[in-house]
Amino acid sequence: MVSRIDRKQVVETALRLLNEVGLEGLTLRRIAKELNVQAPALYWHFKNKQELLDEMATEMFRRMTAPLMAGTGPWDDSLGYSWQDAALTAARQLRRELLSYRDGGKVFSGTRMTDESSAGPLETHLGRIVAAGFTPREAVRAWFTMYNFTVGLVIEEQSVHPDPDDPAHRDPAYDFDARRRRLGDSHPLAAEAAPQMFGDMEASFEAGLRIIVAGIEATRGKG
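It should be emphasised that the depicted structure is a prediction, and the values quoted were computed from it without experimental measurement. As a convention, each chain's residues are numbered from 1 in the sequence order in which they are written. Restriction of local features to residues with pLDDT of at least 70 applies here, the model being predicted, together with a cutoff of 80 or more for giving and counting side-chain atom pairs; totals for whole chains, interfaces and linings are based on all residues. Side-chain calculation: all heavy atoms of the structure are included, whereas hydrogens and water are not.

### Brief notes about the UniProt feature "domain: HTH tetR-type" (unreviewed entry) in the protein chain
And then number 1: UniProt positions are given in the numbering used here, feature names are shortened, and annotations may be inferred rather than shown by experiment. UniProt marks residues 4–64 with the feature "domain: HTH tetR-type" (unreviewed entry), using the numbering shown here.
And then number 2: Secondary structure over residues 4–64 splits into 70% helix and 0% strand, and the C-alpha atoms at its two ends are 29 Å apart. Strands here are runs of E lasting at least two residues and helices are runs of H or I lasting at least four, both read from the DSSP assignment and numbered beginning at the N terminus.

Shown next as structure tokens:
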């Protein structure tokens, strides 16, 4: 018996449903219903949900790195962009792509690439940093730090703004005025921390990137 659906169909359907039902609601049974097949048909392609999430993350990665592999913008060596420009652009593209999916940060975090599609972009990133005078070890640490910061921030950001189709909507749990009323007298700094951390997420992201880039430069050659 051969399944009448292919692996690509399953992944594309899963990514589309993710925005509707979120990670917790995304089950193999739900995907099978959307494809109008019985759930066992999906097991021809994925043994379990984790295998599906790995493939979804891999497809997300392919989509976000398409400009990099095409050598456009900051990755066009002929344009003379710095390693900072390329790294910042990559981090921003990563965040933008993950935010386009509900729970995109959680889907991407902790998954494994199912093919070698990550090797080319990683080689390009690291090569740009090494060409700027960093050791390979320093280059790996630099990009890995920026990558983890970006994914982690997206997970937090999607807790505050869970609906990618309505980014202005804020989860009621993040009520800054209520927090000020609870903590303002006894813990004034803690009361004001939340608006700084979870208010303007774009500003928080950009501030974090600046801190990381400055730290990368400051620790060059120090082990």
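### With respect to unusual backbone geometry
And then number 1: A positive phi angle, close to 60°, is found at Asn-36, a residue other than glycine.
And then number 2: In this fold, Asn-36 is placed in the loop between α2 (28–35) and α3 (49–64).

### Section: helix α8 (residues 136–160)
And then number 1: The end-to-end C-alpha distance of α8, which contains 25 residues, comes to 36 Å, matching closely the 36 Å that a straight helix rising 1.5 Å per residue would cover.
And then number 2: Three or more residues of α8 are buried, namely Glu-138, Ala-139, Ala-142, Trp-143, Met-146, Thr-150, Val-151, Leu-153, Val-154, Glu-157, Gln-158 and Val-160.
And then number 3: Any two residues having at least one pair of non-hydrogen atoms within 4.5 Å are treated as being in contact. Those residues of α8 that are buried lie in contact with α5 (83–99), α6 (104–108), α7 (119–131), α10 (188–198) and α11 (201–218). In a helix, the anticipated span is given by 1.5 Å times the number of residues less one. When a residue's accessible area, from a 1.4 Å probe over protein chains only, is under 20% of the maximum for its type it is buried; when over 50% it is exposed; and in between it is partly exposed.

### Some thoughts on the side chain of Arg-95
And then number 1: The residue Arg-95 is located in helix α5 in this model.
And then number 2: For this analysis, a polar contact is any N or O atom pair within 3.5 Å, provided that within protein one partner can donate a hydrogen and the other can accept it, and provided that sequence-adjacent residues contribute only side-chain to side-chain pairs. At 2.9 Å, the side chain of Arg-95 forms a polar contact with the side chain of Glu-157.
And then number 3: Look past the residues within four positions of Arg-95 in its chain and what remains in contact with it is Thr-150, Leu-153, Val-154, Glu-157, Met-201, Glu-202 and Phe-205.

### Description of the layout of surface pockets
Unoccupied space between atoms shows up once a probe the size of one water molecule is rolled over them.
And then number 1: A pocket, in this scheme, is an open set of points on a 1 Å grid over the protein atoms alone with protein on both sides within 12 Å along at least 5 of 7 lines, while a cavity is a set where a 1.4 Å probe fits but cannot get out; residues line either one if an atom lies within 4 Å of a point. Grid points are joined across faces, edges and corners, and a volume is the space filled by probe spheres set on the points. Considering only enclosed or pocket space, the largest pocket measures out at about 460 Å³ in volume.
And then number 2: Along the wall of the largest pocket there are 22 residues; nearest its centre are Phe-61, Ser-118, Leu-122, Trp-143 and Tyr-147.
And then number 3: Where the lining of the largest pocket is concerned, the elements lending two or more residues are α3, α5, α7 and α8.
And then number 4: All amino acids are sorted into three groups, where Ala, Val, Leu, Ile, Met, Phe, Trp, Tyr, Cys and Pro are nonpolar, Asp, Glu, Lys and Arg are charged, and the leftover types, Gly among them, are polar. Looking at the lining of the largest pocket residue by residue, the class counts come to 15 nonpolar, seven polar and no charged.

### Quick look at the nonpolar core
The tendency in soluble globular proteins is for nonpolar side chains to be buried side by side.
And then number 1: Think of a nonpolar core as a cluster: buried Ala, Val, Leu, Ile, Met, Phe, Trp, Tyr and Cys residues, connected wherever their side-chain atoms sit within 4.5 Å. Grouped together as the largest cluster of nonpolar side chains are 32 residues, with contacts concentrated most on Ile-31, Leu-42, Leu-52, Met-56 and Phe-108.
And then number 2: Elements that contribute at least two residues to this core include exactly α1 (7–25), α2, α3, α5, α6 and α8.
And then number 3: In this structure, Ile-31 is in contact with Val-10, Thr-13, Ala-14, Leu-17, Leu-26, Leu-42 and Leu-52, ignoring residues within four places of it in sequence.
And then number 4: In terms of nonpolar packing, the next biggest core, distinct from the first, is built from 23 residues, Phe-134, Met-146, Phe-205 and Leu-209 among them.

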